[in-house]
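Each chain is listed here by its residues.
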Amino acid sequence: MHRSLSIKAVAAIGRKRHLMLFLFAVLLAITRLRTLTEPPETDLAVYSVIGRELVAGRKLYSDLWDIKPPAIYWLYACAAAFTTSGPWMRYWLWIVPSVATMVGVYRLAQILTHSRTAGIWAAFAWTVLSQHLELQANQPNTEVFLNAVVVWAMVVLLLPQTHSSPSTFLHSRLTAGVLFGVGLLLKPVIAPWVGTSILIEATHPRNRFLVSPVAANRLRWSWLQTILVFSAGVALPIAAAITVLYFQNSLSEFLQIMFRWNRWYAQNPLQNIFEAYLPVNLLPVEMRDLIPWVLAAAVACSVLMAKRRSHSIWHIVCIVALLPSVIGLPGRWYPHYYQLWLPWLAILLPVAGVRLRRSLSKEVGAVWVGALIVLTIWRACTFGADLLHSPVEWSLRKYGPCFVNEETLGKRIARILTPTETFFVWGNTPTLYEASSKRPPTGVFFVIPLLYGPTTQTLSQRTLHQLERTHPELLVINMLDNPAPASHPIVQWFNNNYAAHPLLESSDPKFRLCCRKGGALSTRLEQSLRPSFSLSTDVTRR
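Here's a quick rundown of the structure. Predicted model, so just to flag it, every value in this text is computed and none were measured.

Moving on, we get to the environment of Leu 112. Structurally, Leu 112 is set in helix α4 (residues 86–113). Considered as a pair, Leu 112 and Ser 312 are 200 residues apart in the sequence and their alpha carbons are 7.2 Å apart. Every residue in contact with Leu 112, bar those within four places of it in the chain, is listed here: Leu 158, Ser 312, Ile 316, Ile 347, Val 351 and Arg 355.

Pasting the structure below:
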């Protein structure tokens, strides 16, 4: 009788837990709808354009050029296969990993504390943190997927396996390794996390379970076995990606980008890591409202390390300690990089509350829980106030007017050109392709690799060849951010083939629009303009 009652009570608690997680997921889905039509920023536009072009049959790296590993483009290509709508593509690409991270945050907090309540608090904290405005966290940049992958890798590593078999233990390490491998295909900067996780697992006391107590000489083999299985898991997705790129004849370009171009881009990694721990980079101005959370997380790590330092605690503390290194490795300090803090802030505070309550006193634990409640409610109120703003206002607050103006210009370009006509942008504004729903005529569709870096000459020749083959009807030049040097071969080709036109004057002084000489667009403009006009042949000067 008592046993049946306890089973029913446990089942009821489980149903409530699942209901709470479902409500958090619904809250994420509804609140994200508020910013559905926010103009995309540069990275998102690049991913969307490349994703659609991959679906259309073009090749990554050997044609479509960018500096990141392939996973993010393949994810966007999967979304593009189901919808051509940019806003809805970004919506689903944000919702799915964010809900996965929320469930992972719940599970990880529960594992660390053996408390469902702590898990629910962590999941709610993630819900109100996950769309942080200043960190640009409401958009599916690479960090959104990284958070999901790394959190679930930790869940797999830290799952209790007291009564599991050696094969189950090794399978879990293989799975965690695969997740970390996917993370490296999203962004290689998580390499410090992967390395420390393998190191911690190699010294995990659970390795003793793999060998006979009387076979002490095999203990070293158990450590090696764990390292090999974990490393094999990391290598599997990377090997799969390399195989795909090899059969697409894109492998050499991929390796050149990863090891040559990105080394030039990041400059000195050790210096970047050192600078990551400087106060100005450790807590940038975009994180000012999260400073109490970060300070509380630091206290939480101290609390966790003060008592018995278990295998689980070492994993979590190393993740947090290396977070600035992971953020700083590229040598850039873009706000969206700092989204990697968010799941760990959500996890650490409720975990520390439970630990304090158990190790010190209920009063101390109650004070900590009270502070957690205040911080969470404060963040929820801040998030609610942010939702009162329109999608355009979100973009203005995060980036200024640039992407709003670029979306307006992109829609104007779509009206100027016929459905089959194309245009080329000299500048770092792939958002124009996204806003106009036009396909880029070249694989390199932003100007930085054409002006800087170790492969400038090769990429310029490739781009020029594609321009000569496609002859875009319209040329858009960014006059302020990326001035066109007159000696550049592509600019010389512009001057020979394009001319400014009075009807193409842009209200934004940042851009100049030019039509192809003798092209269909030029003919239409000539017929619509009265009286006659003259064309300017130097497209790089006003």
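Bringing empty space enclosed by the protein into the picture now. Summed over the entire model, instances satisfying the criterion amount to three cavities of 30 Å³ or more. Its boundaries defined by the atoms lining it, the largest cavity holds a volume of some 50 Å³. Taken together, Trp 94, Pro 97, Ser 98, Thr 101, Trp 126, Ser 130, Ala 137, Val 144, Asn 147, Gln 339 and Leu 342 make up the lining of the largest cavity. Mapped onto the lining of the largest cavity, the elements with two or more residues apiece are α4 and α6 (142–158). Broken down by element, the residue count for the lining of the largest cavity peaks at four residues, all from α4.

What follows deals with the packing of α4 against α6. Packing of α4 against α6 leaves a shortest axis separation of 8 Å and a crossing angle of 30°. With respect to their mutual orientation, α4 and α6 come out roughly parallel. Of the two elements, α4 crosses α6, and the hand of that crossing is left-handed. Considering only residue class, the contact of α4 with α6 consists of 17 nonpolar, four polar and one charged.

Let us now look at the pattern of salt bridges. Under the criterion given, the structure shown has 14 salt bridges. Close ionic contact of Arg 379 with Asp 289 constitutes a salt bridge, the shortest N to O distance being 3.4 Å. Here Arg 379, found in helix α17 (residues 362–386), pairs with Asp 289, found in the loop between α12 (279–282) and α13 (291–306); they are 90 residues apart in sequence, far enough to count as distant. With respect to burial, Arg 379 and Asp 289 carry one shared label: buried. A salt bridge links Asp 386 to Arg 397; the nearest nitrogen and oxygen atoms lie 3.3 Å apart. Residue Asp 386 is located in helix α17, and its partner Arg 397 is located in helix α18 (residues 391–399); the two are separated by eleven residues in the primary sequence. The class of Asp 386 is buried, set by a relative accessible area of 5%.

The residue Tyr 61 is not glycine, and still its phi comes out positive at about 75°. One can find Tyr 61 in the loop between α2 (42–55) and α3 (71–80). Residue classification places Tyr 61 among the buried residues on the basis of a relative accessible area of 0%. Its identity is not glycine, yet Asn 249 carries a phi of approximately 60°, on the positive side. Within the secondary structure layout, Asn 249 lies in the loop between α9 (219–247) and α10 (251–266).

A separate point is the packing of α2 against α3. For any two helices packed against each other, one specifies the crossing angle of their axes together with the interaxial distance. Taken N-terminus to C-terminus, the directions of α2 and α3 make an angle of 65°; their axes are 7 Å apart at the nearest point. The handedness of the crossing between α2 and α3 is right-handed. Counted together, Leu 44, Tyr 47, Ser 48, Ile 50, Gly 51, Arg 52, Leu 54 and Val 55 of α2 and Ile 72, Tyr 73, Trp 74, Tyr 76, Ala 77 and Ala 80 of α3 form the full contact between these two elements. Here the residues of the contact of α2 with α3 are counted per class, giving eleven nonpolar, two polar and one charged.

Rules behind the numbers
Residues numbered from 1 in each chain as written. Predicted model: local features only at pLDDT ≥ 70, side-chain atom pairs only at ≥ 80, totals over all residues. Heavy atoms only, no water. Helix = DSSP H or I, 4+ residues; strand = E, 2+ residues; numbered from the N terminus. Contact = heavy atoms within 4.5 Å. 1 Å grid on protein atoms, 1.4 Å probe; cavity = no way out; pocket = protein on both sides within 12 Å on 5 of 7 lines; lining within 4 Å. Points joined across faces, edges and corners; volume = space filled by probe spheres on them. Axes fitted to C-alpha atoms, helices over the stretch in contact; angles between N-to-C directions. Parallel < 35°, antiparallel > 145°, perpendicular 65-115°, else oblique. Left-handed = near helix turned anticlockwise from the far one by under 90°. Nonpolar A, V, L, I, M, F, W, Y, C, P; charged D, E, K, R; others polar. Salt bridge = Lys/Arg side-chain N within 4 Å of Asp/Glu carboxyl O. Buried < 20%, exposed > 50% of the residue type's maximum accessible area, 1.4 Å probe, protein only.

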